[in-house]
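Residues per chain, in single letters:
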Amino acid sequence: MIFGRRFPITLMLYSAFALAVLGVAWNISQPRLAVQLPLVGILIAVGVALRLHSRLWSDFQALHEAVKRLAAGDSRDRIYLSPQSPLSGLAASVNELAVSIDRHIAAHVSRNVEREAILSSMLEGIIAVDMSGRVIEINSAAQRILSIGAIRPLGRLVQEVISNHRLQRFMTHALDSAESHADELHILDGGEEKTLTVNAAVLRDGAGARLGALVVINDATRLRKLENIRRDFVANVSHELRTPITSIKGFVETLQDGALASPEDARRFLAIIARQADRLNAIFDDLLKLSRIEQESESEQVILTRGPLVDVLHAAVQSCEKQAADAKVRIVLQCPAELTLERHAVLLEQAVVNLITNAIRYSEPGGEILVRATAPKHEVLLEVIDQGCGIEARHLPRIFERFYRIDKSRSRELGGTGLGLAIVKHISQAHGAYPTVQSRPGEGSTFAIHFPRSAQSLAA
Ligand code: ADP
């Protein structure tokens, strides 16, 4: 190496030789300086050589360190040498190399951040496994859907990460197969059944060689539940409609078969037909109400305006007064005149009418119904309290479901459709409120709607 440890000695020898030659030449004219001059020359040469060597050596060391740091992956530092240094060109190249490595690392990091952001914002779960069945990528949605808690899945075998055998088998099949495939799996997760739709695709590198498999998981539990609710609803509606229609058809046939000949029978049968037609009408009416409320609250068309609650309650009580009088039941209204509420007056009146109608239906003659509005701490509370037959505790959790009735034939006899409380629930939700029920058999029931209380609820 030309700038090695022997470089100053070489330089010194060459310089001493040059000065010695000069000294000999000079000696011819100045014989007294014949010895001193080569000596001085040697000393100067030694000094210059040592200085040059130490500077070059430290530049070289600095370069060496910089290259070592680069090799170790640290490209942040730059090396600065004097422009006169013979190594300055090499240092500039090393700096350019460091800048280029920096740029590549930054691009790589930003690509990784983007990929992470995309994966973690996906609702679908993503799991990628290599050919040996080890997890090479998994996003947070997959961890959430599969309830993968404390363990760090990356690098682990799929069997260690996923406990469900059907999903394990699907992943193994995904690795064995060269084709994409899909399935629907029902898994038990913490005692709750989940429906997952899973799609698998082969993972290949740029050259087309298989790297593993990519599985996309969708949690279809909610969707399937909604589909089931819809299916049950259609079945319920068909069942509810079939009863009056069968009855109407039966009595029409009886009339056609000769019952018309007996005016008394004919009148009786026609009255039944009329009642069943009314029933059909009531069911359609309630179904339409329900679907309208659902549609309007889904598209946020239920416009709430602030107004006194007492007006709405008063109107509801008035429209139930005849029915209450027929059933010999008294209705008492208690509501502070200053209590206001963000409400849709028509819908809210409908909900209160449904609650009062039920209270009348399930009360004994001589009973009393209290319609009460109060504003306790955090809410406005609207209650319809009766002293009727009450409801067994086991029915309470399902009482607001469509067509849920405790005693079907009694409900039908009383003119119920099984949709009254479902309508109350939807109207409550359209107001940002929720309904509750407290009841004991033989002691009566308290149906309540809890409205979030705003600052102006008790404006003077
Ligand atoms: P329905 O049209 O049958 O009254 P609802 O949805 O209004 O349908 O009520 C569902 C069921 O809840 C009723 O069939 C009845 O069994 C019960 N129920 C509702 N309100 C009361 C009440 N105030 N007292 C006792 N039972 C009630």
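Rules used throughout
- Residues numbered from 1 in each chain as written.
- Predicted model: local features only at pLDDT ≥ 70, side-chain atom pairs only at ≥ 80, totals over all residues.
- Heavy atoms only, no water.
- Near = heavy atom within 4 Å.
- Polar contact = N/O pair within 3.5 Å; in protein donor to acceptor, adjacent residues only side chain to side chain.
- Areas by Shrake-Rupley, 256 points an atom, 1.4 Å probe, with all protein chains shown as cover.
- Helix = DSSP H or I, 4+ residues; strand = E, 2+ residues; numbered from the N terminus.
- Nonpolar A, V, L, I, M, F, W, Y, C, P; charged D, E, K, R; others polar.
- Pairing = 2+ DSSP bridges.
- Axes fitted to C-alpha atoms, helices over the stretch in contact; angles between N-to-C directions.
- Contact = heavy atoms within 4.5 Å.
- Salt bridge = Lys/Arg side-chain N within 4 Å of Asp/Glu carboxyl O.
- Buried < 20%, exposed > 50% of the residue type's maximum accessible area, 1.4 Å probe, protein only.
- Domains from an automatic or database assignment.
- Buried area = accessible area lost by both parts, 1.4 Å probe.

Let us now look at the site of the ligand. In the vicinity of the ligand lie 20 residues, with Asn358, Ser411, Thr417, Gly418 and Leu421 positioned nearest. Within the side chain of Arg361, one N or O atom sits 3.3 Å away from an oxygen atom of the ligand. One of the side-chain nitrogen or oxygen atoms of Asp386 is found 2.9 Å away from a nitrogen atom of the ligand. Protein contact buries 97% of the 530 Å² of open area that the ligand shows by itself. At the level of secondary structure, the elements contributing two or more residues to the shell around the ligand comprise α10 (345-361), α12 (420-430) and β12 (444-452). When residues of the shell around the ligand are assigned to their parent elements, the largest contribution, three residues, is made by α10. Here the residues of the shell around the ligand are counted per class, giving ten nonpolar, seven polar and three charged.

One open sheet accounts for five strands, arranged β2-β1-β5-β4-β3; its pairing is antiparallel. Looking along the sheet, the strands with just one partner apiece sit at the ends: β2 (135-138) and β3 (181-189). The sheet shows a mean angle of 25° between the axes of neighbouring strands, direction not considered. Pairing of strand β1 (residues 125-130) with strand β5 (residues 210-219) involves six bridges; the strand directions are antiparallel. Bridge pairing in β5 places Gly125 opposite Ile217. Set on the sheet, helix α6 (residues 165-176) makes contact with β1, β3, β4 (192-204) and β5; between it and β3 the angle comes to about 155°.

Quick look at the pattern of salt bridges now. Should their charged atoms come close, side chains of opposite charge can pair. One pass over the full model with this rule turns up 21 salt bridges. Across the salt bridge formed by Arg405 and Glu240, the nearest N and O atoms sit 2.3 Å from each other. Pair noted here: Arg405 is in the loop between β10 (379-385) and α11 (408-413) and Glu240 is in helix α7 (residues 221-256), with a separation of 165 residues, a long-range link. Judged by relative accessible area, which is 11%, Arg405 ranks as buried. A salt bridge links Asp326 to Lys322; its shortest N-O distance comes to 2.8 Å. On the criterion of helical spacing, the pair formed by Asp326 and Lys322 is a turn pair, its members being four residues apart in helix α9 (residues 309-326).

Attention now moves to the sheet that holds strand β7 (residues 330-334). Here we have five strands laid out as an open sheet, ordered β7-β9-β10-β12-β11, and mixed in their pairing. For this open sheet the edge positions go to β7 and β11 (434-440), each flanked by a neighbour on one side alone. Looking at each pair of strands side by side, their axes are set apart by 15° on average, direction ignored. Of the strand pairs in this sheet, β7 and strand β9 (residues 368-374) are connected by five bridges, and their pairing is parallel.

Turning next to the side chain of Glu137. In this structure, Glu137 sits in strand β2. Setting aside residues up to four positions removed in sequence, Glu137 forms contacts with Arg115, Glu116, Leu119, Ile126, Ile127, Ala128 and Leu154.

Quick look at the pairing of β1 now. The side chains of a regular strand alternate between both faces of the sheet. In terms of burial, β1 is largely enclosed, as five of its six residues are buried. As defined by bridge partners, β1 adjoins β2 across three bridges and the pair is classed as antiparallel. The residue of β2 that forms the bridge with Val129 is Val135. Linking β1 to β2, which pair antiparallel, is a turn of four residues; within it Gly133 sits at a positive phi near 85°.

One can read the domain layout of the chain as domain 1 (7-106), domain 2 (122-219), domain 3 (221-301) and domain 4 (302-460). For domain 3 versus domain 4, the distance between C-alpha centres works out to 25 Å. In this complex, domain 3 contributes 19 residues to the contact, which on the side of domain 4 involves 17 residues. Carbon and sulfur atoms make up 63% of the area that domain 3 and domain 4 hide from each other, which totals about 1,700 Å². In this structure, the connection of domain 3 to domain 4 is made through two salt bridges. Here Arg402 ties to Glu294 by a salt bridge, and the two come within 2.3 Å at their closest N and O atoms. Where domain 3 meets domain 4, there are five residue pairs in polar contact (both at pLDDT 80 or more). Those elements that place two or more of their residues in the side of domain 3 that touches domain 4 are α7 and α8 (263-298). Its residues placed into classes, the side of domain 3 that touches domain 4 shows seven nonpolar, five polar and seven charged.

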